[in-house]
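So the chains spell out like this:
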Amino acid sequence: MDLRIFTEPQQGATYDTLLTVAKATEDLGFDAFFRSDHYLKMGDVDGLPGPTDAWITLAGLARETRHIRLGTLMTAATFRLPGVLAIQVAQVDQMSGGRVELGLGAGWFAEEHAAYGIPFPKEKFGRLEEQLEIVTGLWATDADRTFDFQGEYYQLKDSPALPKPAQAKIPVLIGGHGATRTPRLAARYADEFNMPFSSVQDTERQFGRVRAAAEKAGRAPGAITYSNALVVCVGKDDQEVARRAAAIGREVDELKENGLAGTPAEVVEKIGRYAEIGSTRLYLQVLDLHDLDHLELISAQVQSQLP
């Protein structure tokens, strides 16, 4: 089971804070540092000093880390034109020496679009599908060929399809709860399917849909990595769990129900339940980015107990 650290900087974080967490992620032996791609805070937080851009952040971290993977859960297709996105991600992959992964979703948070003047189209899923085809198509085009695309939402003509990423294939992550279109897109484009903030039962149901869609598309279901994103709140005892829950404005019982919360033994047991239904990677949503002791505890007493 891979454990990855997943941050939500729109809730309030500077680049320096994210760099500190990313370096701790690397030093403590976690597999990757991922971040959300949002421009507006959510809930009862001040969000100060304000949003940071996901791909600018990852570009910086690409030069200041050595071996952890870097990526987004999820970049919104509404934020960037697909050709520009392909250039940005390929460049950050080059800067990192081939450690980047792209999580790409349709976009959903209308208020952040309004706040920063970003168009929020009604038909978002069709745009996501075209973006996936364009981004992966640009990267896969031979260096001596050009790329053309004629879609409903995007058109490209005689693109040199440059730059190329350092990796032969940048892993693409697709996720979500949709029962039909999401599994179909994952079957076609995803190297990894991520189920965010869901129970073991709901995860098992959605993983089954993705596997069925892959089979229908003529793809081996096992060619896709299956993962979850879950909030994490671990303490060496009940008092420490309660303190960490209070620090992020959550209740312990709710966290235990909907995330990975409790003592290390409790969290290891729940991780095992996700592993049993096929999840091989967990994105641990860390909401208190100043509590590095939390990461140390997870590394020492949770990660060390996982196969």
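The structure contained in this document is the topic of the report that follows.

Reading guide: rules and limits
- Residues numbered from 1 in each chain as written.
- Predicted model: local features only at pLDDT ≥ 70, side-chain atom pairs only at ≥ 80, totals over all residues.
- Heavy atoms only, no water.
- Helix = DSSP H or I, 4+ residues; strand = E, 2+ residues; numbered from the N terminus.
- Buried < 20%, exposed > 50% of the residue type's maximum accessible area, 1.4 Å probe, protein only.
- Contact = heavy atoms within 4.5 Å.
- Core = buried A, V, L, I, M, F, W, Y, C linked by side-chain atoms within 4.5 Å.
- Pairing = 2+ DSSP bridges.
- Salt bridge = Lys/Arg side-chain N within 4 Å of Asp/Glu carboxyl O.
- Expected span 1.5 Å × (residues − 1).
- Arc of directions from axis to C-beta.
- Phe/Tyr/Trp six-rings, centres within 6.5 Å; stacked < 30°, edge-to-face > 60°.
- Lys NZ or Arg CZ within 6 Å of the ring centre and 35° of its normal.

## Brief notes about the environment of F120
- Relative to the helices and strands, F120 resides in the loop between α4 (110–116) and α5 (125–140).
- On the accessibility criterion, F120 (31% relative accessible area) is partly exposed.
- When sequence neighbours within four positions are dropped, the list of residues in contact with F120 reads G107, W108, F109, A110 and H113.

## Some thoughts on the nonpolar core
- In this structure, L3, W55, L102 and W139 are the most contacted members of the largest nonpolar core, which totals 75 residues.
- The biggest single contributor to this core is α5, with seven residues.
- In this structure, L102 is in contact with W55, T72, T75, L85, V89, V135, W139, I170, P171, V172 and L173, ignoring residues within four places of it in sequence.

## Observations regarding the pairing of strand β12 (residues 281–286)
- A large share of β12 lies buried, amounting to six of its six residues.
- A two-sided burial pattern is seen for β12, the buried positions comprising R281, Y283 and Q285 on one face and L282, L284 and V286 on the other.
- Inspection of the sheet shows strand β1 (residues 2–7) paired to β12 by six bridges, in the parallel sense. Opposite L3, over in β12, you have L282 as the bridge partner.

## A closer look at the pattern of salt bridges
- Evaluation of the coordinates by the stated rule reveals 19 salt bridges.
- Taking the shortest distance from any N to any O, the salt bridge between E101 and R69 comes out at 2.9 Å. Residue E101 is located in strand β5 (residues 100–105), and its partner R69 is located in strand β3 (residues 69–72); the two are separated by 32 residues in the primary sequence.
- Assessed through its relative accessible area of 17%, R69 is described here as buried.
- Its salt-bridge partner being K169, residue D191 comes within 2.7 Å of it at the nearest N-O pair. Pair noted here: D191 is in the loop between α6 (181–189) and β9 (192–196) and K169 is in the loop between β7 (155–159) and β8 (172–175), with a separation of 22 residues, a long-range link.
- Under the relative-accessibility criterion, K169 is labelled partly exposed at 45%.

## Observations regarding the environment of F125
- Mapped onto the fold, F125 is located in helix α5.
- The spacing of F125 and L185 is 60 residues in sequence and 9.9 Å in space, taken between C-alpha atoms.
- Each residue touching F125, except ones within four places of it in the same chain, is listed here: R181, T182, R184 and L185.

## Comments concerning α5
- The end-to-end C-alpha separation of α5 is 23 Å, in line with the 22 Å expected for 16 residues at 1.5 Å each.
- For α5, the buried fraction is high: 13 of the 16 residues fall into the buried class.

## Structural notes on helix α10 (residues 264–276)
- Under the 1.5 Å per step criterion, the end-to-end length of α10 is 18 Å for 13 residues, consistent within 8% with the ideal 18 Å.
- Where α10 is concerned, the buried positions are P264, V267, V268, K270, I271 and Y274. Burial along α10 is one-sided: seen end-on, the buried residues are contained in an arc of 165°. Pointing more than 90 degrees away from the buried face of α10 are the exposed residues A265 and E276.
- Phi turns positive, to about 110°, at G278, one or two residues after α10.

## A short note on the packing of aromatic side chains
- Taken as a whole, this structure holds six aromatic pairs when the rule is applied.
- Taken together, Y39, F79 and Y116 form an aromatic cluster joined through their ring pairs.
- The ring centre of F120 lies 4.3 Å from the NZ or CZ of K124, which sits over that ring.
- If you follow R211 out to its NZ or CZ, it ends over the ring of Y226, 4.5 Å from the centre.

## What to know about unusual backbone geometry
- That bond from L48 to P49 is cis: its omega, 10°, falls within 30 degrees of zero.
- Among the structural elements, P49 can be located in the loop between β2 (32–35) and α2 (54–64).
- Of the consecutive residues L162 and P163, the connecting peptide bond is found in the cis state with omega at 0°.
- Summarising the element assignment, P163 is placed in the loop between β7 and β8.
- With a phi angle near 55°, D158 is a residue other than glycine that sits in the positive phi range.
- Checked against the element boundaries, D158 lands in strand β7.
- Even without glycine at this site, A161 takes up a positive phi of about 55°.
- Take A161: its relative accessible area is 2%, and that puts it in the buried class.

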